[in-house]
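Below are the chains, spelled out letter by letter.
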Amino acid sequence: MKTTTITLKSIFLDFKEITKAGLAISVVFSSIVGYLLGFSDKHPFSVITLILLAIGGYCMVGASNIFNQVIEKDLDAKMDRTKNRPVPSGRMSVNNALTLGFVLTCIGLLVLYFINPKTAMFGAISIFMYVSLYTPLKTLTPLSVFVGAFPGAIPFMLGWVAATGSFGIEAGTLFLIQFFWQFPHFWAIGWFLFEDYEKAGFFMLPTGKRDNKTSIQIILYTFWLMVASILPVFGFTGALQLSVAAAVVVFLLGCWMLFYAIKLYKNRDAKTAKKLMLVSVTYITLLQIIYVIDKFV
């Protein structure tokens, strides 16, 4: 009879996996960037607030991922990339996972509320939409990506709300950028993992197929992402501003991403789709860094 030895290391590794630490950290990074863009003389910088934002953000994303994996445990067991996750593999019981998810939710909401009520509210909206809407829709309709783009776009603007205590044109612009980014990013993933998603019955591509219509939509949403990303240079996004030089760099980054979107239309292969996904991650990361540098330089 095979026995499993539980160690602190194994608990830590399972915690990292069930909360999707890599994804959670990238979300926290977006929130921190939003905060750095939002603080000003009127809303002074606070290390405590930044720490609370990081902790609360990780807890909320981690909880969302836990609930998602509990709901999809039987489907995850069918896919090669997810079958070894803690719950479908049996290393963590459903009850233990749910308990951890609820604890992280409570901690996350409480910590975000200490920043300000609006930050906690958007955190709550994010987890609700991800778990209650996006997750069940994944097996029903390709529109799940559209629904999932809403909670996925909240982190960038969440940092601004944490810094200012308000939601306005600035936070809305940050939301818009990350909202449009979701589509080429997740459709690229849905393309190169198409067979694996098909095993579980997930509908991740807009047409349900790796065809020209899907690749054309990827191109269109990449274009709208490029437009949204340079909006602050035109001066009608309130306190969120971007210099001409920074806007040019961001636009060129967008052209780089658009190049691979067009290349996917021509090649229609998994290799190009994976490259587009990697480029999209680099794009949003560099864009956020450029926005911060431009504010201070």
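Quantities reported herein were computed from a predicted structural model and do not represent experimental measurements.

## Digging into unusual backbone geometry
For Lys-20, which is not a glycine, the phi torsion comes out positive at approximately 50 degrees. One can find Lys-20 in the loop between α1 (8–18) and α2 (21–38). A positive phi is found at Arg-268, a non-glycine position, where the angle reads about 50 degrees. Following the sequence through the fold, Arg-268 ends up in the loop between α11 (244–267) and α12 (270–296). For Arg-268, a relative accessible area of 41% puts it in the partly exposed group.

## Thoughts on the packing of aromatic side chains
Here the structure, examined in full by the defined rule, presents 24 aromatic pairs. With centroids separated by 6.3 Å and ring planes inclined at 50 degrees, the aromatic side chains of Phe-180 and Tyr-221 adopt a geometry described as tilted. Of this pair, Phe-180 sits in helix α8 (residues 169–192) while Tyr-221 is found in helix α10 (residues 212–229), placing the two residues 41 residues apart along the sequence. Under the relative-accessibility criterion, Tyr-221 is labelled partly exposed at 24%. Ring centres of Phe-234 and Phe-236 lie 6.2 Å apart, and the angle between their planes is 10 degrees; this geometry places the pair in the stacked category. Here a set of aromatic residues connected by ring pairs shows up, and it is made of Phe-146, Phe-150, Phe-175, Phe-179, Phe-180, Phe-183, Trp-187 and Tyr-221. For the cation-ring pair, Lys-138 lies above Phe-202, with the distance from its terminal atom to the ring centre recorded as 4.6 Å. Across from the ring centre of Phe-39, 4.1 Å away, lies the NZ or CZ of Lys-295, which sits over that ring.

## Overview of the side chain of Thr-272
Along the chain, Thr-272 falls in helix α12. Looking at Thr-272, its side chain comes within polar contact range of the side chain of Asp-269, at 2.5 Å. Among all residues touching Thr-272, those that are not within four sequence positions of it are Tyr-260, Lys-263, Leu-264 and Asn-267.

Criteria and thresholds
- Residues numbered from 1 in each chain as written.
- Predicted model: local features only at pLDDT ≥ 70, side-chain atom pairs only at ≥ 80, totals over all residues.
- Heavy atoms only, no water.
- Helix = DSSP H or I, 4+ residues; strand = E, 2+ residues; numbered from the N terminus.
- Buried < 20%, exposed > 50% of the residue type's maximum accessible area, 1.4 Å probe, protein only.
- Phe/Tyr/Trp six-rings, centres within 6.5 Å; stacked < 30°, edge-to-face > 60°.
- Lys NZ or Arg CZ within 6 Å of the ring centre and 35° of its normal.
- Polar contact = N/O pair within 3.5 Å; in protein donor to acceptor, adjacent residues only side chain to side chain.
- Contact = heavy atoms within 4.5 Å.

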